[in-house]
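Single-letter residue listing:
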Amino acid sequence: MPLTNKHIIVIDDTHSILNFLRITLEALGAQFTGAATASGGLALCETTNPDLIVLDLGLPDKEGFDILGRLKHLDKEGRIPIIVLTVRNSDKDRE
């Protein structure tokens, strides 16, 4: 599935995940922007207009849950999908 001209922001503090997603998404034609912190990711989302946000729950400066509401608030039209990544295995975290 080509992602040409789609801007995807990935917020994840694991370098190998950021690198893997960058390589994969760029190979599919997407514009990739990555951030390793919640504050960096929020700043990117506030200043750009992404087509998709990929959010890790375990970030060094804030929990992904803590910024999820703010990300949704930035998207007043509700058109930007957010994919949440986690290695957590509790039912509460997955919900």
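Our structure is the block above this text.
From a predicted model like this one, the values you see are computed outputs, not experimental measurements.

**Re the overall build of the protein chain**
Right, on to step 1. Within the protein chain, the regular secondary structure consists of four helices and four strands.
Right, on to step 2. Along the chain direction, N to C, the helices and strands of the protein chain fall in the order β-α-β-α-β-α-β-α.
Right, on to step 3. At 13 Å, the protein chain has a C-alpha radius of gyration in line with the 12 Å of a compact globule built from 95 residues.
Right, on to step 4. With the C-alpha coordinates aligned to their principal axes, the bounding extent of the protein chain is approximately 35 × 30 × 25 Å.

**Let's talk about the pattern of salt bridges**
When the charged atoms of two side chains lie near each other, side chains of opposite charge can form a pair.
Right, on to step 1. Taken as a whole, this structure holds two salt bridges when the rule is applied.
Right, on to step 2. Glutamate 26 is the partner of arginine 22 in a salt bridge, and the nearest nitrogen-oxygen pair spans 3.4 Å. With a gap of four residues between them, arginine 22 and glutamate 26 both fall in helix α1 (residues 15-27), about one helical turn apart.
Right, on to step 3. The class of arginine 22 is partly exposed, set by a relative accessible area of 31%.
Right, on to step 4. Between glutamate 46 and arginine 70 there is a salt bridge, and its shortest N-O distance comes to 2.8 Å. Placement of glutamate 46 in helix α2 (residues 38-47) and of arginine 70 in helix α3 (residues 64-74) is noted, with a sequence separation of 24 residues between them.
Right, on to step 5. For glutamate 46, a relative accessible area of 41% gives the class partly exposed.

**Side note on the environment of glycine 64**
Right, on to step 1. By the element assignment, glycine 64 lies in helix α3.
Right, on to step 2. Owing to a relative accessible area of 0%, glycine 64 belongs among the buried residues under this scheme.
Right, on to step 3. Once residues lying within four places of it in the same chain are set aside, the contact partners of glycine 64 are Leu55, Asp56, Leu57 and Leu59.

Cut-offs used in this document
- Residues numbered from 1 in each chain as written.
- Predicted model: local features only at pLDDT ≥ 70, side-chain atom pairs only at ≥ 80, totals over all residues.
- Heavy atoms only, no water.
- Helix = DSSP H or I, 4+ residues; strand = E, 2+ residues; numbered from the N terminus.
- Rg over C-alpha atoms; globule rule 2.2 N^0.38 Å.
- Salt bridge = Lys/Arg side-chain N within 4 Å of Asp/Glu carboxyl O.
- Buried < 20%, exposed > 50% of the residue type's maximum accessible area, 1.4 Å probe, protein only.
- Contact = heavy atoms within 4.5 Å.

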